[in-house]
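Report on the structure
One letter stands for each residue in the lines below.
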Amino acid sequence: MSEPQFNEVIHAPMRLRICGMLHSAGEIEFAAIRDMLGVSDAVCSKHLKVLAENGYVTLDKRPGNRNGHDITWVSLTDEGTEAFASHIAALQLIAGMA
Amino acid sequence: MNRSTRPNPTAAAPQAASPSRLSAADALSFLTADRETVARKFATPLWFNIVIAIATSIVILFMWATRNNAFDVLGANDAYFIIAYIALLVAMCGAIGVLSHAVIKSGFRASALPPTRKGWAYVIAAFATYIVASSVVMIVPMPGWAGVLIAVVSGAVTLLFAQLTNRETHDYIMAGGSMTEFQLDSGGRRRYGANGELWTMARFRALPDAERREASRLVVAPWWLYPCQSVCAMAVIACIANFAQMVVRQEWTLSIDVLFLLVCIIGMTVSMVRWIRNSNLDLRMKPTTRVCWALYIGMCATCIIPVYLAGYTLGRMARHPEVPMAELAVGGAVFVVLFSVLGWVYDRKQRDAIAAGA
């Protein structure tokens, strides 16, 4: 059980959902994250960039099976996993107190 | 990534939360909805589970039919049986191929092991059901209706356990569990292991020429890997065949052979897995040149040999419960030599192509 610690970076709705999906699924393609969030490439990219700059996710480009374009795979780092878990613990604490 | 710009996470949030922020409960409900979507990605579809269950029933029916010489009544011979067996394998592989393609297109790494003990218990129970049912129909003489009943029941039980495994994985994810460490080809855990980042084609291509030529040697597997893989495959066939002969003819001295083969299989598997993990190579790397593709397809084609030998052994042993050692030895030797030589050449061609910047 992680120590509850609210995280302003992760708490933004889109970033919270991104972290949640990555925590559950492990590694997800950029396009799949974008489709699940229902946002544009630019918006999704912006949020992933913020998370990457904070060391919470990694963006890995690999040759893809579609049209020869590279595909970006996203996954949580160990630090991101810990920060997300702590943030969820904090949210559960808050929700319990509400 | 630049960590110096990271803002300090604030603790004791309630006082810091502004009215425009998502409430904690809303945030958690968003996560729950997303978990449901993720959980669906990790569940094998019902159609797939039904295909596997039906295939399981048909295989058991085949076994009953060969045990009771039903194919003789139809005027068929071993060739028909082998063709039917291979056709069934192709159909099952086709279903798995369609499912794998759908999983890859979904953008998730959804091939995963069961995340809980209960899930493992369901998977093992499904396998055990198949093994027990097939053993019973092979060992115990029984009328047609009994064989059909056992086949149908085992298929239904397989379907049930598959659905239960899906439910277990679903519940695990909904409870907030992470599938990262259970993924079969997890990029997460291996990629940031002690040996650093995974060696992907993109990583090779990103290197300067001299470094790339040096690093390209990493794709060449040790000389023993391909013989080990092919010998292991043949050992599995031989082990199952010996076990069947041991049980049917009650030749319990064969238990020594079975145990020896099992130990060899486990040892070889552990060695191969250990090397593959430590090599940190991206196993999804595709062949780079036409020659590499031809060699790769050739390696895949040689895998038909053990499939044929397995079917042949099954058919032969259904009539005469004695392991066809000569056929297995000769066929196995051909497979090991072909697979190993093609594998060795493939690695070197791939290395040369990467070094040349292909």
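Fair warning: this is a prediction, and the values are worked out from it, not measured in the lab.

Conventions and cut-offs
Residues numbered from 1 in each chain as written. Chains lettered and ligands numbered in written order. Predicted model: local features only at pLDDT ≥ 70, side-chain atom pairs only at ≥ 80, totals over all residues. Heavy atoms only, no water. Helix = DSSP H or I, 4+ residues; strand = E, 2+ residues; numbered from the N terminus. Buried < 20%, exposed > 50% of the residue type's maximum accessible area, 1.4 Å probe, protein only. Areas by Shrake-Rupley, 256 points an atom, 1.4 Å probe, with all protein chains shown as cover. Phe/Tyr/Trp six-rings, centres within 6.5 Å; stacked < 30°, edge-to-face > 60°. Lys NZ or Arg CZ within 6 Å of the ring centre and 35° of its normal. Salt bridge = Lys/Arg side-chain N within 4 Å of Asp/Glu carboxyl O. Axes fitted to C-alpha atoms, helices over the stretch in contact; angles between N-to-C directions. Parallel < 35°, antiparallel > 145°, perpendicular 65-115°, else oblique. Contact = heavy atoms within 4.5 Å. Pairing = 2+ DSSP bridges. UniProt positions renumbered as here; feature names shortened; annotations may be inferred. Patch = residues over 30% accessible without salt bridge, like charges linked within 9 Å, V, L, I, M, F, W, Y side chains within 5 Å. pLDDT = per-residue confidence, 0-100.

Looking only at helices and strands, chain A has five helices and three strands in total. Helices and strands appear in chain A in the N-to-C order α-α-β-α-α-β-β-α. Across the 98 residues that make up chain A, the buried fraction comes to 58%. Split by element, the accessible area of chain A, about 4,200 Å² in all, is 52% carbon and sulfur.

This part covers the packing of aromatic side chains. All names here are of chain B. Applying the stated criterion to the full structure yields nine aromatic pairs over all chains. Ring centres 5.9 Å apart and planes at 90° place the aromatic pair Trp 293 and Tyr 296 in the edge-to-face group. With Trp 293 and Tyr 296 both in helix α13 (residues 290-302) and three residues apart, the pair spans about one turn of that helix. Using a relative accessible area of 36% as the deciding quantity, one classes Tyr 296 as partly exposed. Among the aromatic side chains, those forming a connected cluster through ring pairs are Tyr 226, Phe 335 and Phe 339. The aromatic ring of Trp 199 is capped on one face by Arg 203, whose charged end is 3.8 Å from the ring centroid.

Once that is clear, we can look at the pattern of salt bridges. Scanning all chains against the criterion turns up nine salt bridges over all chains. When the shortest N-O distance is used, the salt bridge between A:Arg34 and A:Asp41 registers 2.7 Å. Here A:Asp41 falls in the partly exposed class, since its relative accessible area comes to 39%. For B:Asp171, the salt bridge identified is with B:Arg167, shortest N-O distance 3.6 Å. Of this pair, B:Asp171 and B:Arg167 both sit in helix α7 (residues 144-174), four residues apart, roughly one helical turn. Taken together, the shared-partner salt bridges connect A:Arg34, A:Asp35 and A:Asp41 into one network.

Below, the discussion takes up the packing of α13(B) against helix α14 (residues 304-319) of chain B. Residue and element names in this part refer to chain B. At a closest axis distance of 4 Å, the pairing of α13 and α14 adopts a crossing angle of 5°. By the angle between their directions, the pair α13 and α14 is classed as roughly parallel. Facing α13, whose interface residues are Cys 300, Ala 301 and Thr 302, α14 presents Ile 304, Ile 305 and Pro 306.

The subject of this paragraph is the pairing of strand β3 (residues 70-76) of chain A. All names here are of chain A. Extensive coverage of β3 is indicated by the burial of six of its seven residues. Bridge analysis of strand β1 (residues 27-29) against β3 gives three bridges, and the strand direction is antiparallel. Following the sheet pairing, Glu 27 is matched in β3 by Ser 75.

Looking now at the UniProt feature "transmembrane region" (unreviewed entry) in chain B. All names here are of chain B. If you check UniProt for "transmembrane region" (unreviewed entry), the listed places come out as residues 46-67, 79-99, 120-139, 145-164, 223-246, 252-273, 293-314 and 326-346 in our numbering. Measuring from the first to the last C-alpha atom of residues 120-139 gives 28 Å, for a span that is 100% helix and 0% strand. The distance from the first to the last C-alpha atom of residues 326-346 is 30 Å, and the span holds 100% helix and 0% strand.

This part takes up a nonpolar patch on the surface. Residue and element names in this part refer to chain B. A grouping of Val 132, Val 136, Ile 139, Val 140 and Val 248 is seen on the molecular surface, where their side chains present a nonpolar patch of about 350 Å² in accessible area. Of all the elements, helix α6 (residues 117-139) adds the most residues to the nonpolar patch, at three residues. Relative to the helices and strands, Ile 139 is located in helix α6. For Ile 139, a relative accessible area of 35% corresponds to the partly exposed category.

Before going further, it helps to spend a moment on the confidence of the model for chain B. Residue and element names in this part refer to chain B. Of the residues in chain B, 86% have a pLDDT of 70 or more, and the chain-wide mean is 82. Scored below 50 in pLDDT, residues 1-21 makes 28 contacts in the model with residues more than four places away or belonging to other chains. On the interface metric, ipTM, the complex scores 0.89, and its pTM is 0.63.

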